[in-house]
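Listed below, chain by chain, are the residues.
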Amino acid sequence: MMPMAECDNESCARTASIVSRLSPEGYLVASGKRAYSFREAYERFHYCNECHVLLMTEVWARVRSSGSKDEGHVAPTAV
C-alpha cells in the first residue's frame, strides 16, 4: 500500500485526497511547447479537499475578472 501524500499547499499539513494538474498558483502545468492539455501535462499535485476548493475558487475568480489577459498563462477554460 502506498503512503498517503501530503497536501501540496505549503501552509497545509493535511493528507491529500485529490490529484490535480493545477499548480498551487492555479495554472495548468504543461510541456515546454505551450501545450496546455491534461493529456500533455506531466506534473501532478496533491491537495486536501479544502485546499482544492480554495484553489478552484481562486482560478475561476481570475477567469471571470476583467483584468489583463496578457499574463502569458492560459485559462483553465482553454482545456
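Residues numbered from 1 in each chain as written. Predicted model: local features only at pLDDT ≥ 70, side-chain atom pairs only at ≥ 80, totals over all residues. Heavy atoms only, no water.

## Description of the state of the cysteines
Part 1: Enumeration over the complete set of coordinates arrives at zero disulfides.
Part 2: Between Cys7, a cysteine without a disulfide, and Cys51, which holds the nearest cysteine sulfur, the sulfur-to-sulfur distance is 3.7 Å.
Part 3: Between Cys48, a cysteine without a disulfide, and Cys51, which holds the nearest cysteine sulfur, the sulfur-to-sulfur distance is 3.5 Å.
Part 4: Taking relative accessible area as the criterion, Cys48 reaches 2% and is therefore assigned buried. (Disulfide = S-S within 2.5 Å. Buried < 20%, exposed > 50% of the residue type's maximum accessible area, 1.4 Å probe, protein only.)

## Looking at the nonpolar core
Part 1: Residues Cys7, Cys12, Leu22, Leu28, Phe45, Tyr47, Cys48, Cys51, Leu55 and Val59 constitute the largest nonpolar core, which totals ten residues.
Part 2: Contributing elements (two or more residues each) for this core: β2 (45-47) and α1 (49-64).
Part 3: Not counting residues within four places of it along the chain, the set of residues in contact with Cys48 comprises Cys7, Cys12, Arg14, Thr15, Ala16 and Ser17. (Core = buried A, V, L, I, M, F, W, Y, C linked by side-chain atoms within 4.5 Å. Helix = DSSP H or I, 4+ residues; strand = E, 2+ residues; numbered from the N terminus. Contact = heavy atoms within 4.5 Å.)

## Describing α1
Part 1: With 16 residues, α1 extends 23 Å from end C-alpha to end C-alpha; this agrees with the ideal 22 Å at 1.5 Å per step.
Part 2: Taken residue by residue, α1 has Cys51, His52, Leu55 and Val59 as its buried positions. Buried residues in α1, looked at end-on, bunch into an arc of 100°, giving them a common side.
Part 3: On its buried side, α1 packs onto β1 (18-20) and β2. (Expected span 1.5 Å × (residues − 1). Arc of directions from axis to C-beta.)

Just distances and angles here, no functional claims.
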